[in-house]
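Tertiary structure, described
Each chain, written out:
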Amino acid sequence: LFICFRMVEPLEYYRRFLKENCRPDGRELGEFRATTHFLSSGSITTADGSALVKLGNTTVICGVKAELAAPAVDSANKGYIVPNVELPSLCSTRFRSGPPGEEAQAASQFIADVIENSQIIAKEDLCIATGKLAWVLYCDIICLDYDGNILDASTFALLAALKNVQLPLVTINEETGLPEVNLKQKSPLIIRKHPVATSFAIFDDTLLIVDPTGEEEDLATGTVTVVTDDEDRLCSVHKPGGSPLTGAKLQDCITRAITRHKEVKKLIDKVIKSIKSK
């Protein structure tokens, strides 16, 4: 009977749970799904760094590929970071094969904004020789299984993968002017900030629930994603239309995002430490 009710009147079905301050999957309104990180430089053998993140049933993998290129003329002392989020038809029936859809494009832009606003990596650190040579980091984020909250999962995966990157030493031969790569001497990227995204779905214009599933996103009247860093600084607020938020509600989101940041940072540090000790 409940299954039929859920199929015919999904919103009303959810409201009955929300009135009791819980959700159909058993979580409280402010409770996140279990987050697991599997970091391994060998999980994608062709990548310079990679990470797989599972947020509930949403599974995302990020591979970072580093290449050499000439810096842009107007940014002679900077390298590049090029993110791309893919939502293939393989991960959910809601996505189609072919060129990137609207949601994938929006997610790619969101990740680009997070990189820029948080200064996760200083682009100057990617410069090898001013005006001559710099690193380009291609960050490919692919969703393997979609069940909502792609932005949080993608941000986690990006951060974890970047912390996993090891770049070889590159110098320019003064006589030939050509780059020389020393694969035996590698060093990690300098991660300056640790941005963490925390997403909320808005129900009936007023009720906030964290870490929404795909079904919850479909039934919500709006969503908002708050990105914070290590210093409890607000990096960005992403709100693609929908129900407006009062100042008090937004402040509540920011407070909860700061708490969430500490949990995620602790989790990533723990996994990195366990890998280094192996």
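Residues numbered from 1 in each chain as written. Predicted model: local features only at pLDDT ≥ 70, side-chain atom pairs only at ≥ 80, totals over all residues. Heavy atoms only, no water.

Moving on, we get to the sheet that holds strand 10 (residues 207-210). In spatial order, the strands read 10-9-11-12; together these 4 strands make up an open sheet with antiparallel pairing. Both edges of this open sheet fall to strand 10 and strand 12 (234-238), since each of them pairs with a single strand only. The sheet shows a mean angle of 25 degrees between the axes of neighbouring strands, taken without regard to direction. Judged from the 4 bridges that link them, strand 11 (residues 222-228) and strand 12 form a sheet pairing that is antiparallel. (Pairing = 2+ DSSP bridges. Helix = DSSP H or I, 4+ residues; strand = E, 2+ residues; numbered from the N terminus. Axes fitted to C-alpha atoms, helices over the stretch in contact; angles between N-to-C directions.)

Phi is positive for Asn 21, close to 60 degrees, though the residue is something other than glycine. With respect to the secondary-structure elements, Asn 21 resides in the loop between helix 2 (10-18) and strand 1 (35-39). Phi at Asp 232 takes a positive value of approximately 60 degrees, unusual for a residue other than glycine. Tracing the chain through its elements places Asp 232 in the loop between strand 11 and strand 12.

Take the packing of helix 3 (residues 102-118) against helix 4 (residues 150-163) next. Where helix 3 contacts helix 4, the axes come no closer than 10 Å and their chain directions differ by 50 degrees. Accordingly, the angle class assigned to the pair helix 3 and helix 4 is oblique. Seen from above, helix 3 lies across helix 4 with right-handed handedness. The segment helix 3 lies against helix 4, with Ala 107, Phe 110, Ile 111, Val 114 and Ile 115 engaging Leu 151, Ser 154, Thr 155 and Leu 158. A breakdown of the residues in the contact of helix 3 with helix 4 according to their chemical character gives 7 nonpolar, 2 polar and no charged. (Parallel < 35°, antiparallel > 145°, perpendicular 65-115°, else oblique. Left-handed = near helix turned anticlockwise from the far one by under 90°. Contact = heavy atoms within 4.5 Å. Nonpolar A, V, L, I, M, F, W, Y, C, P; charged D, E, K, R; others polar.)

This paragraph deals with helix 3. Over its 17 residues, helix 3 runs 24 Å from end to end, which matches the ideal 24 Å to within 8%, given 1.5 Å per residue. Listing the buried residues of helix 3 in full gives Ala 104, Ala 107, Ser 108, Phe 110, Ile 111, Val 114, Ile 115 and Ser 118. Angular distribution of buried residues about the axis of helix 3 spans 160 degrees; they occupy a single face of the element. Residue Gln 119 follows helix 3 closely and has a positive phi angle near 55 degrees. (Expected span 1.5 Å × (residues − 1). Buried < 20%, exposed > 50% of the residue type's maximum accessible area, 1.4 Å probe, protein only. Arc of directions from axis to C-beta.)

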